Amino acid sequence: MAEEKKNKNPFKSVIWKSIFRVQVPQDRRGRMMQVLNNVFLHLHPVSIPKHAVKVKYTWCMGGLSFFVFLVLTVTGILLMFYYVPTTTRAYTDVIDLAETTPLGIMREIHRWGAHLMVITVWLHMFRVFMTGAYKPPREFNWAIGVILLTLTMLLSFTGYLLPWDQLAIWAITVGSNMAAATPLLGREGPGAALVSIGDINLVTPLSDAKYGLLGEREVRGGALLRFYVFHCIAFPVVIVVFMAVHFWRVRKDGGVSGPL
Amino acid sequence: MVDNTSNTDAPLSRRGFLSWMTVAWVFFAAAMGGFLTMCGRFLFPNVLFEPPSSFKAGFPDQYSPGAVSVDWKGKHRVWIVRTDDRIYAILARCTHLGCTPNWLPNESKFKCPCHGSGFRMSGINFEGPAPRPLERVRIGLAEDGQLLIDKSVTFRQEKGDWENPDSYLMT
């Protein structure tokens, strides 16, 4: 058995070849093909201009935002094993995540990561603006980026309610009352009376933007469950789709923009 | 090469194909539109599991004139205020962004902890960002002589609602 193994080159075994598809590259073309033929490696460009790796130029803020997003995904999934989004359990579950759960720091990592991601996304946007990287042909990717920024803020907003403490409840009360002041679609917003059929007003406390956001008239258990689903499933799925388009467009629009 | 335009023996002509495609796309768009409408409507529940909006708040005699009662604030979010000649109920919901203010007896005002709006005992706003006075709710007497508060009916000062006899009780 051992003798047989010694004699065989592992790089030429059936298993190796079935996993990696291409031979160990010997030239530039081979190295390119190796990157292009691997699902993980192909996410990276096969080559990049020298200026694109300068931290002084990019601050690496886009990459850091994505890295923090991955950390938030992993820690968020772990938190879901302990946290129950009901009014009777949410608050104590969050305390238990610090007091009784192994290591007691997973929730803090998630919280710090959430703050950090908001900061890195804003700094990324600032860098892109200051280096003029929003200009054609990258103007569409700037628009995608604005959607990603909005989704980041929505993830931050929905996560804010989940600890179910006084700060959470009143912050979401204030935030959802802003939704009630939406023009046309909010019950207290300007022009809400215009949205009507005959005498029947269509924008009421039981049909306006705030009601659709919370699923009830005030912040209660229904809003907690709804924000939990938005935070853990709906918004992450949507943001991953837009991130895919965002990263793909960086490549297709000519890679990281050059110095002016 | 087959010349499609003159191929009359084909089971489906170009014109027929296009018209069928039009029908298919119209149905597909209608189905998607209908389904998305359903998804949107699904997020607006028909039944709410909220506590009833009206409650009995004891007898008028238990409230002393010139005082604000905070007894029902925790459970029903309402203050009962009795002045020299009348009793009214104020909804403890700040008119700025919906937080619950506190009654500060020493300063004789309602103060909101979120952004600092202040209201007089009457509910009139006088400081902070609140744009209008606190709302009052319907107050009446139940058959057994207790106060009956109904939060589903609100009265706004800026609309002249506080003159409505349902918004206060003479003592």
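For the structure itself, consult the block above.
What this report covers is the structure whose coordinates are included nearby. (Residues numbered from 1 in each chain as written. Chains lettered and ligands numbered in written order. Predicted model: local features only at pLDDT ≥ 70, side-chain atom pairs only at ≥ 80, totals over all residues.)

**Describing the environment of A:L155**
Consideration 1: Mapped onto the fold, A:L155 is located in helix α8 (residues 139-161).
Consideration 2: For A:L155 and A:F230, which are 75 residues apart along the polypeptide, the C-alpha to C-alpha distance reads 7.9 Å. (Helix = DSSP H or I, 4+ residues; strand = E, 2+ residues; numbered from the N terminus.)

**Looking at the interface of chain A and chain B**
Consideration 1: Facing the 10 residues of chain A at the interface are 9 residues of chain B.
Consideration 2: Of all the elements in the fold, those that place two or more residues in the side of chain A that touches chain B are α9 (166-180) and α10 (209-214) of chain A.
Consideration 3: If one sorts the elements of the side of chain A that touches chain B by residue count, α9(A) sits on top with 4 residues.
Consideration 4: For the side of chain A that touches chain B, a count of residues per class yields 3 nonpolar, 5 polar and 2 charged. (Contact = placed C-beta atoms within 7 Å. Nonpolar A, V, L, I, M, F, W, Y, C, P; charged D, E, K, R; others polar.)

**Considering the sheet that holds strand β7 (residues 118-119) of chain B**
Consideration 1: Read across the sheet, 4 strands follow the order β5-β6-β7-β8 (chain B) without closing on themselves; strand pairing throughout is antiparallel. For this open sheet the edge positions go to β5 (102-104) and β8 (125-127) of chain B, each flanked by a neighbour on one side alone. (Pairing = 2+ DSSP bridges.)

**Re helix α7 (residues 106-130) of chain A**
Residue and element names in this part refer to chain A.
Consideration 1: With 25 residues, α7 should reach 36 Å at 1.5 Å per residue; the first-to-last C-alpha distance of 35 Å fits that figure.
Consideration 2: On the buried face of α7, the contacting elements are α5 (61-79), α6 (90-99) and α8.
Consideration 3: Positioned one or two residues after α7, G132 has a phi angle of 70°, which is positive. (Expected span 1.5 Å × (residues − 1).)

**Concerning the pairing of strand β10 (residues 147-155) of chain B**
Residue and element names in this part refer to chain B.
Consideration 1: Where strand β1 (residues 54-56) and β10 come together, 3 bridges link them in antiparallel fashion. Opposite K56, over in β10, you have L148 as the bridge partner.
Consideration 2: Bridge count for strand β9 (residues 136-141) against β10 is 6 bridges, and the pairing is antiparallel. Across the sheet, the residue bridging to G140 is L148, located in β10.
Consideration 3: The hairpin formed by β9 and β10 contains 5 residues between the paired strands, and G145 there has a positive phi angle of roughly 90°.

**Some points on the pairing of β9(B)**
Remember that side chains alternate between the two faces of the sheet whenever the strand is regular.
Consideration 1: In this sheet, β9(B) lies alongside strand β4 (residues 86-91) of chain B in antiparallel orientation, the contact comprising 2 bridges. Among the inter-strand pairings, B:I90 is bridged to a residue of β9(B), identified as B:R136.

**Some thoughts on the packing of α7(A) against α8(A)**
Residue and element names in this part refer to chain A.
Consideration 1: Remark: α7 packs on α8, axes separated minimally by 10 Å, with the N-to-C direction vectors making an angle of 160°. For the element pair α7 / α8, the angle class is roughly antiparallel. The interaxial crossing formed by α7 with α8 has left-handed handedness. On the side of α7, the interface is formed by A114, M117, V118, V121 and M125, while α8 contributes G145, L149, T152, S156 and G159.
Consideration 2: Each residue belonging to the contact of α7 with α8 can be placed in one class, and the counts come to 6 nonpolar, 4 polar and no charged. (Axes fitted to C-alpha atoms, helices over the stretch in contact; angles between N-to-C directions. Parallel < 35°, antiparallel > 145°, perpendicular 65-115°, else oblique. Left-handed = near helix turned anticlockwise from the far one by under 90°.)

Everything listed here is a matter of coordinates, which is why it stays silent on function.
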